[in-house]
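# Coordinate inspection notes
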Amino acid sequence: MTFWLPDAESALILEQFLFSSDAAEELKEAIAKKNHELVLLYNINLVDEVWKERPKPPNKPVRIHDLKFAGLDVASKLSFLRAEFVDAGASAIIISMLDEVAWLLNLRGNDVPNSPVVYAYLLVKTETAELFVDSSKITPEVMDHLKNAGVELRPYDKILSEIENLAKQGRNLWLDTSSVNAAIVNTYKSACDKYLNKKSKARVHDYNGRSAMPSGVYRASPISLAKAVKNDAELQGMRNSHLRDAAALAHFWVWLEEEINRGAKLTEVEVADKLLEFRSKQDGFIDTSFDTISASGANGAVIHYKPEPGSCSVLDVEKLFLLDSGAQYVDGTTDITRTVHFGEPTPRQKECFTRVLQGHMALDQAVFPENTPGFVLDAFARSSLWKIGLDYRHGTGHGVGAALNVHEGPQSISFRYGNLTSLQKGMVVSNEPGYYEDHAFGIRIENLLSVVEMNTPNRFGGVGYLGFEKLTFVPIQTKMVDSALLSSAEIDWLNDYHAQVWEKVSPLLDGSARQWLWDNTRPLPIE
């Protein structure tokens, strides 16, 4: 976290609900070095005091995430969670990460753009579970779903009073301070002090009537990893949604190429809007999974570029076009990047693209022992670029949720070696090496992969080995490839990938889209 502070002594006011406990503590320590004071607020929001016409919170209805997509019922998930926190010496856990709440309760919402989550807290105790949420969002169907799982509703704004009650009841509360906000953590700590310090002399009993001294159990949420390791139903939903997404992209690309060829002047925003139109026609489409990065020419070198109406560029036939996009479907989440040229790419562009592709292929084919953290694999994707002194300034892969957030942890594939989370069977990660030449162009090739077991001829040390299964099946533009740089094995990989794209996606297409897919999956000749 970086921030600016004046040299003179001053007070920094912090709205505790907006910062995790860890972030607040980091800020407190930093400003103390300059003799500043951190003032914590939780019963008043200064922004609300001056923003009198603030829009009302979202109130679209919550929906059930069907068991055929979730793969595991709520009761089973709660049973797993209770076993985890009891083993850790806790008697309750507070869940504040919205995607963790959604996953645990098999619910989806519409409160956050691009992410199918609902504003809520979930408090799970050994014998009950309470969902703190705006009840106006809860339909009768969802209410029955929650009751059947033993989950009770509570008003969203009553979370702090219930946290205080936990200490009074003598409950040890599991707190993931990296995600739980400072208001909740500080309320629990204060309540423990209130009921247990020597001054009060009060005798506190736990929920079973025994003498108790409540305290926090400070650990990472057990849900994060459980959610990241997809079950068979979740993986099948991801496969199915990716194929429908590929069909939408085939319709989109044939439309875009036809428009460009007839001389149409299309802005980056218009192109992104048209892609949304094609995706919205697919069964089970819910929303985009993030704001589409539709970037022509030099804009492609801005890694998280967002085109805006009135200021975005017009697509240029003489420039590279980078399109990074994704969608939320009822059964899965997609994220894909393709970089294309509508005219003739330069030798420099082809070499850079080919080396990015070689890195993409190397990671896709990686085989590695169990318990391998993602950062170990990052160099696979960079090696070809490194050979000519090039690189990129972002991670190679992030976790992806199953009909949930397009970015999820705890796994990643990155040069940042602090994340020691090992890749495990069932995890989904992106494979997205790139290269960005400032003020000129950007290149990125991205597929999603699931981690699978590999049947290796040996198991050194009795350890199993893992690899990847492709989830994304959309052509990679061979015009951009300098085949002279590729080995015969790499050409085989590209041709095999395109054969799979045709086999899996062509049954979903007809007419010009099917012809486009055929034309763009033809084998690259071995020279």
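Residues numbered from 1 in each chain as written. Predicted model: local features only at pLDDT ≥ 70, side-chain atom pairs only at ≥ 80, totals over all residues. Heavy atoms only, no water.

We now examine the sheet that holds strand S9 (residues 173-175). With mixed pairing, the six strands of this open sheet are ordered in space as S8-S7-S6-S4-S9-S10. In this open sheet, the two edge strands, each paired with only one partner strand, are strand S8 (151-154) and strand S10 (216-218). In this sheet, neighbouring strand axes are inclined to one another by 25 degrees on average, regardless of whether the strands run parallel or antiparallel. Bridging between strand S7 (residues 129-132) and S8 involves four bridges; their strand directions are parallel. Within S8, the position partnered with alanine 129 by the bridge is valine 151. Of the strands in this sheet, strand S4 (92-95), strand S6 (121-125), S7 and S9 are in contact with helix H7 (residues 159-168), which crosses S6 at around 20 degrees. (Pairing = 2+ DSSP bridges. Helix = DSSP H or I, 4+ residues; strand = E, 2+ residues; numbered from the N terminus. Axes fitted to C-alpha atoms, helices over the stretch in contact; angles between N-to-C directions. Contact = heavy atoms within 4.5 Å.)

Our next topic: the UniProt feature "domain: Peptidase M24 C-terminal" (unreviewed entry) in the protein chain. If you check UniProt for "domain: Peptidase M24 C-terminal" (unreviewed entry), the listed places come out as residues 464-524 in our numbering. Annotation note: span residues 464-524, helix share 44%, strand share 10%, distance between end C-alpha atoms 35 Å. (UniProt positions renumbered as here; feature names shortened; annotations may be inferred.)

Moving on to the domain arrangement of the protein chain. Assigned domains of the protein chain: these are domain 1 (10-50), domain 2 (63-197 + 214-226) and domain 3 (229-510). Just the C-alpha atoms count here: the centres of domain 1 and domain 3 sit 39 Å apart. (Domains from an automatic or database assignment.)

As a further point, take the side chain of arginine 338. You can see arginine 338 is positioned in strand S16 (residues 336-341). In this structure, arginine 338 is buried with no salt-bridge partner, the nearest side chain bearing the opposite charge being glutamate 446 at 7.3 Å. Of note is the side chain of arginine 338, whose polar atom sits 2.8 Å from the side chain of asparagine 447. Polar contacts involving the side chain of arginine 338 include one to the main-chain carbonyl oxygen of valine 474, which spans 2.8 Å. (Buried < 20%, exposed > 50% of the residue type's maximum accessible area, 1.4 Å probe, protein only. Lys, Arg positive; Asp, Glu negative; His and termini not counted. Salt bridge = Lys/Arg side-chain N within 4 Å of Asp/Glu carboxyl O. Polar contact = N/O pair within 3.5 Å; in protein donor to acceptor, adjacent residues only side chain to side chain.)

Structurally, serine 506 can be placed in the loop between helix H14 (488-505) and helix H15 (511-519). Assessed through its relative accessible area of 5%, serine 506 is described here as buried. With 260 residues separating them along the chain, serine 506 and alanine 246 place their C-alpha atoms 9.7 Å apart. With sequence-adjacent residues up to four places away left out, serine 506 is seen in contact with Val501, Arg514 and Leu517. From its side chain, serine 506 meets the backbone oxygen of tryptophan 502 in a polar contact 2.5 Å long.

Okay, unusual backbone geometry next. Here the residue pair glycine 409 and proline 410 is connected by a cis peptide bond, since its omega of 5 degrees sits within 30 degrees of zero. Relative to the helices and strands, proline 410 is located in strand S19 (residues 408-413). The backbone phi angle of asparagine 106 is positive, close to 50 degrees, even though this residue is not glycine. Position of asparagine 106 among the secondary structure elements: in the loop between helix H5 (98-105) and strand S5 (107-108). Phi angles above zero are rare outside glycine, and asparagine 371 is one such case at about 70 degrees.

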